[in-house]
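This is what each chain is made of:
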Amino acid sequence: DEFDDERARLTETIGFRIQDTTLNVLQSTVGSILVPLTDGGLQYLLAGARVNVGIMSGRYMFEVKVVDSLLQVEHSQARSSPSRKV
């Protein structure tokens, strides 16, 4: 399908730099997983990260695995219903 690529291979490790992430992204202590902060309204912000290498030309593929999907709902019942005193 495609000819062999004879360009020089990368020598550095491909990964995410913490300096190139949004403020609400943390690196997990287990594996190479990035997790967004979701406390106190942060669930409404877009979490993003950038890798330390780029693509210049050609055909490339990358794979993303969604590990967990968080439901972005506030518990408004706890805030709006006043407590009753008897």
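Check the entry above for the structure.
Residues numbered from 1 in each chain as written. Predicted model: local features only at pLDDT ≥ 70, side-chain atom pairs only at ≥ 80, totals over all residues. Heavy atoms only, no water.

Once that is clear, we can look at a nonpolar patch on the surface. A contiguous nonpolar surface patch, about 380 Å² in accessible area, is contributed by L26, I33, V35, L37 and V67. One can find I33 in the loop between β2 (25–27) and β3 (34–36). (Patch = residues over 30% accessible without salt bridge, like charges linked within 9 Å, V, L, I, M, F, W, Y side chains within 5 Å. Areas by Shrake-Rupley, 256 points an atom, 1.4 Å probe, with all protein chains shown as cover. Salt bridge = Lys/Arg side-chain N within 4 Å of Asp/Glu carboxyl O. Helix = DSSP H or I, 4+ residues; strand = E, 2+ residues; numbered from the N terminus.)

Counted as a void, the largest pocket has a volume near 1800 Å³. Considering the residues around the largest pocket, the lining is formed by 47 residues, among which F16, V51, F62, E63 and V64 are closest to the centre. Every element with two or more residues in the lining of the largest pocket is listed here: β2, β3 and β4 (49–51). Considering every element that reaches the lining of the largest pocket, the biggest residue donor is β3, with three residues. Looking at side-chain class alone, the lining of the largest pocket contains 27 nonpolar, 12 polar and eight charged residues. (1 Å grid on protein atoms, 1.4 Å probe; cavity = no way out; pocket = protein on both sides within 12 Å on 5 of 7 lines; lining within 4 Å. Points joined across faces, edges and corners; volume = space filled by probe spheres on them. Nonpolar A, V, L, I, M, F, W, Y, C, P; charged D, E, K, R; others polar.)

The next thing to look at is the pattern of salt bridges. Pairing is possible between side chains that carry opposite charge, provided their charged atoms lie close to one another. Counting across every chain of the model gives two salt bridges. With a closest N to O distance of 3.4 Å, R17 and D20 form a salt bridge. The class for R17 is partly exposed, based on a relative accessible area of 42%. D20 is the salt-bridge partner of R50, the closest N and O atoms lying 3.2 Å from each other. Placement of R50 in strand β4 and of D20 in strand β1 (residues 16–21) is noted, with a sequence separation of 30 residues between them. What emerges from the salt-bridge pattern is a single network uniting R17, D20 and R50. (Buried < 20%, exposed > 50% of the residue type's maximum accessible area, 1.4 Å probe, protein only.)

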